[in-house]
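Each chain is listed here by its residues.
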Amino acid sequence: MKMRFLAVCTALAAAAALTGCSQLADSAGGPQKVTLWLMKGSASDDFISKFTASFEQEHPDVDLEVKIQDWTGIGDKVSGVLSGESKEGADVIEVGNTQVSRYIEVGGLSELTLEGLREWGNKDWLKGLSDPGSVNGAQYGVPWYAANRVVIYNKDLFAGAGIKALPKNRQEWIQATQRLDKGDQQGIYLAGQNWYVLAGFVWDEGGDLAVENSGKWTGTLHDDRALAGMEFYKQLQGLGDGPKDADEETPPQSEVFARGQVAQIIAPPSQVKEIEDANPALKDKLGFFPIPGKTSEKAGAVFTGGSDLIIPEKTRQRAHAVDVITALVSEKWQTELARTMSYVPNRTSLAHVVEGNEGAMAMAPGAAQGRATPKSARWAEVEAENPIKPYMTAVLTGQDPRQAAQAASDTISRVLGSDR
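Cut-offs and rules
- Residues numbered from 1 in each chain as written.
- Predicted model: local features only at pLDDT ≥ 70, side-chain atom pairs only at ≥ 80, totals over all residues.
- Heavy atoms only, no water.
- Helix = DSSP H or I, 4+ residues; strand = E, 2+ residues; numbered from the N terminus.
- Contact = heavy atoms within 4.5 Å.
- Areas by Shrake-Rupley, 256 points an atom, 1.4 Å probe, with all protein chains shown as cover.
- Lys, Arg positive; Asp, Glu negative; His and termini not counted.
- Charge placed at Lys NZ, Arg CZ, Asp CG, Glu CD.
- Axes fitted to C-alpha atoms, helices over the stretch in contact; angles between N-to-C directions.
- Left-handed = near helix turned anticlockwise from the far one by under 90°.
- Buried < 20%, exposed > 50% of the residue type's maximum accessible area, 1.4 Å probe, protein only.
- Pairing = 2+ DSSP bridges.

> Report on the overall build of the protein chain, specifying residues and quantitative values.
On a plain count of helices and strands, the protein chain comes out with 18 helices and 13 strands. The principal-axis extents of the C-alpha atoms in the protein chain amount to approximately 80 × 50 × 35 Å. In the protein chain, 76% of the contacts between residues at least 6 apart in sequence involve partners at least 24 apart. With an accessible surface of roughly 18600 Å², the protein chain has 49% of that area assigned to carbon and sulfur atoms. Averaging the coordinates of the 42 positive side-chain charges in the protein chain and doing the same for the 55 negative ones gives two points 2 Å apart.

As structure tokens, then:
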């Protein structure tokens with residue numbers, strides 16, 4: 001990657017640059033420096049090198065500088081760029097899809113609605129990426145890539161139970177898991193507080209974790225539809241020995257699965273490496289299938305993880321920043337990223353590009369039904385307090401579901417509605 005820096009701010013730039021000269025164009029006639037922030041681990045070094053070289057070849061007037069950022073503390077760094085208070089500058093920034101609402105509230109994002117409509121194929125964007133990046137019909141976050149949970153299963157245990165066809169709906173899934181849950185063998189290992197999995201079951205029932213009405217957010221776990229999602233969670237969780245009072249990291253479910261007596265877990269495909277590292281004997285014995293939906297017609301809803309791309313309003317390189325996003329979301333680079341990193345592309349029409357990658361292929365149907373957490377800038381505070389986990393434990397240990405759900409909903413409403 002080429003790196004060119006200004007020796008001084010020109011007189012012309014100084015007249016318009018009260019906020020500093022870190023993002024100004026290079027000297028007259030030279031390439032314009034455009035800075036792209038990507039998060040650590042989102043793309044390989046090889047992908048970044050190839051993309052940078054290709055982009056600069058196609059845009060000889062641009063010097064693309066890619067800076068890798070750590071997730072820790074990124075919120076304040078991005079907010080500083082958006083407000084103009086940071087000494088660092090960026091023209092395009094990768095952000096977590098559920099973080100966009102926070103930055104919309106901070107302000108300083110460039111609206112990208114028209115570009116999404118005209119150039120970026122927004123009609124078939126994954127909703128779990130696009131919805132968190134919009135407000136009142138205006139798009140600020142552009143979907144880049146997605147990843148979500150699937151069912152990872154032990155092929156030998158499925159074969160031993162005589163299961164030849166993978167389940168395509170909830171009823172088939174429960175029946176298969178009941179056959180697998182025998183003796184020392186667990187049909188599924190599902191920790192009692194895996195609330196991201198619960199969210200998918202709630203969405204399948206038509207419920208939600210919280211809803212907004214006239215600008216006011218209210219927790220809705222006590223709604224009949226949300227309660228139905230929890231009831232299915234309880235039924236499935238009971239077909240194994242997962243702890244009722246802990247989440248999937250206590251202990252790490254990949255370690256439990258690696259012992260060889262668990263038939264299934266619900267996790268991102270990337271956890272297979274952790275499982276195989278812990279027990280190499282399981283190599284080539286693990287498979288994937290989408291989390292089944294209520295009917296066989298479509299996969300179950302899932303929480304969509306992944307990233308969006310934003311452009312700060314204060315950039316002096318907006319046109320070039322748009323070009324960078326245009327390239328990153330193009331079929332060429334979506335394909336390269338998906339195949340390199342085992343992601344799901346940002347558009348349903350590109351799901352075919354991951355054919356041959358079993359894990360990514362299993363994610364794609366779920367991603368098409370994917371959702372994100374409620375689009376409140378304060379949702380991160382709900383997760384910090386997290387009333388959903390004790391609610392789940394209460395139901396799983398025999399307490400009244402509606403009362404426990406109402407208590408959790410009240411906490412969600414209080415956090416989302418309180419003054420900062």
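There's more to say after this.
> With reference to specific residues and values, describe the packing of helix α10 (residues 224-237) against helix α17 (residues 388-396).
Interhelical geometry of α10 versus α17 gives an angle of 60° and a closest axis separation of 10 Å. Considering only the axes of α10 and α17, their crossing is right-handed. Between α10, through Leu 227, Met 230, Tyr 233, Lys 234 and Gln 237, and α17, the contact on the second element is made entirely by Tyr 391, Met 392, Val 395 and Leu 396.

> Break down the pairing of strand β7 (residues 150-154) for me, citing the residues and quoting the values.
Across the 5 residues that make up β7, a large majority, 5, are buried. The pairing of β7 with strand β10 (residues 264-267) spans 4 bridges and is classified as antiparallel. Its bridge partner lying in β10, Tyr 153 is registered against Gln 264. Sheet topology places β7 next to strand β11 (residues 286-289); 4 bridges connect them, and they run antiparallel. Considered in β11, the bridge of Ile 152 is made with Phe 288.

> Talk me through unusual backbone geometry; I want residue IDs and the actual numbers.
A cis amide bond links Thr 250 to the next residue, Pro 251, at an omega of -5°. Of note, Pro 251 is situated in the loop between α10 and α11 (253-258). A positive phi angle, close to 70°, is found at Asp 284, a residue other than glycine. Mapping Asp 284 onto the fold places it in the loop between α12 (271-278) and β11. Asp 284 gets classed as exposed once you look at its relative accessible area, which sits at 63%.

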